[in-house]
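# Breakdown of the fold
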Amino acid sequence: MPELPEVETVRRGLLPAMEGRLIERAEVNRPDLRWPLPERMAERLTGARVITLRRRSKYILADLSTGETLLIHLGMSGRMLVSGIRLGDFVFEHAAPEKHDHVVLHLEGGARVTFNDARRFGAMDLLPTATAEAHPLLAQIGPEPLGNAFNENYLAARLAGRNTPIKSALLDQHLVAGLGNIYVCEVLFRAGLAPTRRAGDIKDAAALVPIIREVLTEAIEAGGSSLRDYRQTDGALGYFQKAFAVYGREGAPCVTCATPIARITQSGRSSFYCPRCQT
């Protein structure tokens, strides 16, 4: 599942094609993805101008001139592909239509944005912009980890007294938005904390904030991590997986002490860590 860096990378890739541009024609090629698509979706998108393209947690939000916001979730295999646009010295030509091109946006200037999702685990919705934050998918999400509301005092207060493992706490979207399994594993390695440590027992919980920001910023700069289906908007892979210290490296030597990386299962997810460096 794409995490915050992957979704932010996609948002940035969509900006030159979408933000400020008119959707001249929208194609909706099936009635549903993970859930049913909005009624008259093609009609409601056609003729709308994209005012702002933003991200909330793992969702992309396109605020439209019609007073509605297009919500996009990539799911496990969803891809947003941009074509018909020049970026620097490169021109991205339109590709031939594919079987799983479920929603296609034709924008002024000749740009095209295609939502392709082979497994249909992604989602799209149209909601009133004025009340977008109250949407059921967004209402209970915690602060953005790269924003000012996520700070040392906030995290220390939220972790105090919690009996859950620190890995589970940081994956809680009510506590902080957008963090997923990959980046929490990497954050805990840099922090020297075992994923099994009780969140309320961590004395310097505030020290996690700059580490979280550092890991996410590096991942965004690398275009995210390409595992299985993820691609950037031009079809390129992300490269942060080349910098993984622990994730997916079970049995490989720790980059710091050469101890074999261990893997355990927590709440159905794999946690990777160094038994020596993380205590």
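Residues numbered from 1 in each chain as written. Predicted model: local features only at pLDDT ≥ 70, side-chain atom pairs only at ≥ 80, totals over all residues. Heavy atoms only, no water.

## As for the overall build of the chain
For the chain, the helix and strand inventory stands at 6 helices and 12 strands. Its C-alpha radius of gyration of 20 Å places the chain within 12% of the 19 Å reference for a compact globule of 279 residues. Its C-alpha atoms give the chain principal-axis dimensions of about 55 × 35 × 30 Å. In the chain, which comprises 279 residues, the proportion classed as buried is 51%. Taken as a whole, the chain presents about 12,600 Å² of accessible surface, with 50% of it coming from carbon and sulfur. A gap of 6 Å separates the mean positions of the 34 positive and 31 negative side-chain charges of the chain. (Helix = DSSP H or I, 4+ residues; strand = E, 2+ residues; numbered from the N terminus. Rg over C-alpha atoms; globule rule 2.2 N^0.38 Å. Buried < 20%, exposed > 50% of the residue type's maximum accessible area, 1.4 Å probe, protein only. Areas by Shrake-Rupley, 256 points an atom, 1.4 Å probe, with all protein chains shown as cover. Lys, Arg positive; Asp, Glu negative; His and termini not counted. Charge placed at Lys NZ, Arg CZ, Asp CG, Glu CD.)

## Regarding the pairing of strand β12 (residues 269-273)
Every regular strand shows the same layout, with side chains that alternate between the two sheet faces. Bridge analysis of strand β11 (residues 262-266) against β12 gives 5 bridges, and the strand direction is antiparallel. Counted as the bridge partner of alanine 262 is tyrosine 273 from β12. The antiparallel hairpin formed by β11 and β12 contains 2 residues in its connecting segment, where serine 267 sits at a positive phi of about 50°. (Pairing = 2+ DSSP bridges.)

## A few points about the sheet that holds strand β8 (residues 101-107)
The strands making up a sheet associate through hydrogen bonds between their backbones, and the pairing can be parallel or antiparallel. Taken in spatial order, the 4 strands of this open sheet run β1-β8-β9-β5, and their pairing is antiparallel. Both outer strands of the open sheet, β1 (23-28) and β5 (78-83), are each paired with one neighbouring strand and no more. Within the sheet, the average angular offset between the axes of one strand and its neighbour, ignoring direction, is 15°. The sheet strands contacting helix α1 (residues 4-18) are β5, β8 and β9 (112-117), and the helix crosses β5 at an angle near 35°. (Axes fitted to C-alpha atoms, helices over the stretch in contact; angles between N-to-C directions. Contact = heavy atoms within 4.5 Å.)

## Points about the pattern of salt bridges
Within the structure shown, the criterion is met by 18 salt bridges. For arginine 25, the salt bridge is made with glutamate 27, and the minimal N-O distance between the two is 3.0 Å. Given the relative accessible area of 43%, arginine 25 is considered partly exposed. In this structure, glutamate 43 and arginine 40 form a salt bridge, with 3.2 Å as the shortest nitrogen-oxygen distance. Here the salt bridges share partners, and the residues they tie into one network are Glu8, Arg11, Arg12, Arg54, Arg55, Arg56, Asp63, Glu133 and Glu144. (Salt bridge = Lys/Arg side-chain N within 4 Å of Asp/Glu carboxyl O.)

## Some points on the nonpolar core
Core analysis: the largest hydrophobic core is formed by 39 residues, its most contacted members being Leu155, Leu159, Ile166, Leu170, Leu208 and Ile212. No other element matches the 8 residues that helix α6 (residues 208-221) contributes to this core. If near-sequence neighbours (up to four positions away) are discounted, leucine 155 is found in contact with Phe150, Leu170, Leu175, Ala205, Leu208 and Val209. If you look at the next biggest cluster of nonpolar residues, it comprises 31 residues, including Met41, Leu107, Ala111 and Met124. (Core = buried A, V, L, I, M, F, W, Y, C linked by side-chain atoms within 4.5 Å.)

## A look at the packing of aromatic side chains
Scanning the entire structure with this criterion turns up 3 aromatic pairs. Seen from their ring centres, phenylalanine 244 and tyrosine 247 are 5.5 Å apart, and the 80° between their planes marks the pair as edge-to-face. Across this residue pair, the class does not change: phenylalanine 244 and tyrosine 247 are buried. Site record: aromatic cluster; members linked through ring pairs are Phe244, Tyr247 and Phe272. (Phe/Tyr/Trp six-rings, centres within 6.5 Å; stacked < 30°, edge-to-face > 60°.)

## A short note on the environment of leucine 146
Within the element layout of this structure, leucine 146 appears in the loop between β10 (123-128) and α3 (152-159). Sequence spacing of leucine 146 and cysteine 257 is 111 residues, and the spatial spacing of their C-alpha atoms is 30 Å. In this structure, leucine 146 is in contact with Leu4, Arg213, Leu216, Thr217 and Ile220, ignoring residues within four places of it in sequence.

## A look at the sheet that holds strand β4 (residues 68-73)
Strands sit in the order β2-β3-β4-β10 across an open sheet of 4 strands; the sheet is antiparallel. A strand with exactly one partner marks an edge of an open sheet, and here the two such strands are β2 (50-56) and β10. Strand-to-strand twist across the sheet, computed as the mean angle between neighbouring axes with direction ignored, equals 20°. Bridge analysis of strand β3 (residues 59-64) against β4 gives 4 bridges, and the strand direction is antiparallel.

Bear in mind that shape data such as this cannot, by itself, settle questions of function.
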